[in-house]
Amino acid sequence: MKAKANNRTTLEQFKDKNYGKRGAPRREELEAGYKDFKIGALIQEARLEKGWTQEELAERVGTTKSYISKIENNIKEVRISTLQRIVEHGLGGKLQLQIKL
């Protein structure tokens, strides 16, 4: 029996092929969008772990349900100071930023 060829593509290979190598304008736009999405997804995941609605988190932070929704759904970018308030005051967590060179 013949072994099947591995036709799988890694995420990096897919992005290289469809958006160009890192540094290409389309690729950088994709990567920037992913980072925004990731922040919203992380907030949503933490909120759901607490068993809270968007409205409950918004009340704890002093903002609106609409604003929390826009962040979670990558409609609105969040400032670092606001992100810190959401994480620390709203969710009771600790925000950590890291720069890798």
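Rules used throughout
- Residues numbered from 1 in each chain as written.
- Predicted model: local features only at pLDDT ≥ 70, side-chain atom pairs only at ≥ 80, totals over all residues.
- Heavy atoms only, no water.
- Helix = DSSP H or I, 4+ residues; strand = E, 2+ residues; numbered from the N terminus.
- Buried < 20%, exposed > 50% of the residue type's maximum accessible area, 1.4 Å probe, protein only.
- Polar contact = N/O pair within 3.5 Å; in protein donor to acceptor, adjacent residues only side chain to side chain.
- Contact = heavy atoms within 4.5 Å.
- Axes fitted to C-alpha atoms, helices over the stretch in contact; angles between N-to-C directions.
- Parallel < 35°, antiparallel > 145°, perpendicular 65-115°, else oblique.
- Nonpolar A, V, L, I, M, F, W, Y, C, P; charged D, E, K, R; others polar.
- Arc of directions from axis to C-beta.
- 1 Å grid on protein atoms, 1.4 Å probe; cavity = no way out; pocket = protein on both sides within 12 Å on 5 of 7 lines; lining within 4 Å.
- Points joined across faces, edges and corners; volume = space filled by probe spheres on them.
- UniProt positions renumbered as here; feature names shortened; annotations may be inferred.

Colleague: Looking at this model, I keep getting lost on the side chain of K15. Mind explaining?
Modeller: Tracing the chain through its elements places K15 in helix α1 (residues 11–19). Judged by relative accessible area, K15 falls into the buried class, the value being 11%. A polar contact is formed between the side chain of K15 and the side chain of E12, at a distance of 3.2 Å. When sequence neighbours within four positions are dropped, the list of residues in contact with K15 reads G20, R27, L30 and E31.

Colleague: Just checking my understanding: could you explain the packing of helix α3 (residues 54–61) against helix α5 (residues 80–90) for this structure?
Modeller: Two packed helices can be described by the angle between their axes and the distance between those axes. Between α3 and α5, the shortest axis-to-axis distance is 9 Å and the interhelical angle comes to 100 degrees. By the angle between their directions, the pair α3 and α5 is classed as roughly perpendicular. Facing α3, whose interface residues are L57, R60 and V61, α5 presents R85, I86, H89 and G90. Partitioned by chemical class, the residues of the contact of α3 with α5 number three nonpolar, two polar and two charged.

Colleague: Is there a simple way to think about α3 in this case?
Modeller: A turn of α-helix holds 3.6 residues, and therefore any two residues three or four places apart point the same way. Along α3, the residues that are buried comprise Q54, L57, A58 and V61. Relative to the axis of α3, the buried residues are bounded by an arc of 100 degrees and lie together on one face. Following α3 by one or two positions, G62 adopts a phi angle in the positive range, close to 90 degrees.

Colleague: I would appreciate a short explanation of the layout of surface pockets in the present structure.
Modeller: To find the voids left in a structure, one rolls a probe of water-molecule size over its atoms. Volume-wise, the largest pocket comes out at about 720 Å³. Looking at the largest pocket, it is lined by 25 residues, and the ones nearest its centre are K35, I39, L42, L83 and L97. Secondary-structure elements contributing two or more residues to the lining of the largest pocket are α2 (25–50) and α5. Per-element tally for the lining of the largest pocket: the top contributor is α2, with eleven residues. Across the lining of the largest pocket, the residue classes tally to 13 nonpolar, three polar and nine charged.

Colleague: Got a minute to help me understand the UniProt feature "domain: HTH cro/C1-type" (unreviewed entry) in the protein in this structure?
Modeller: On the UniProt side, "domain: HTH cro/C1-type" (unreviewed entry) is annotated at positions that read residues 43–88 here. Overall, residues 43–88 shows 72% helix and 0% strand. The separation of its end C-alpha atoms is 11 Å.

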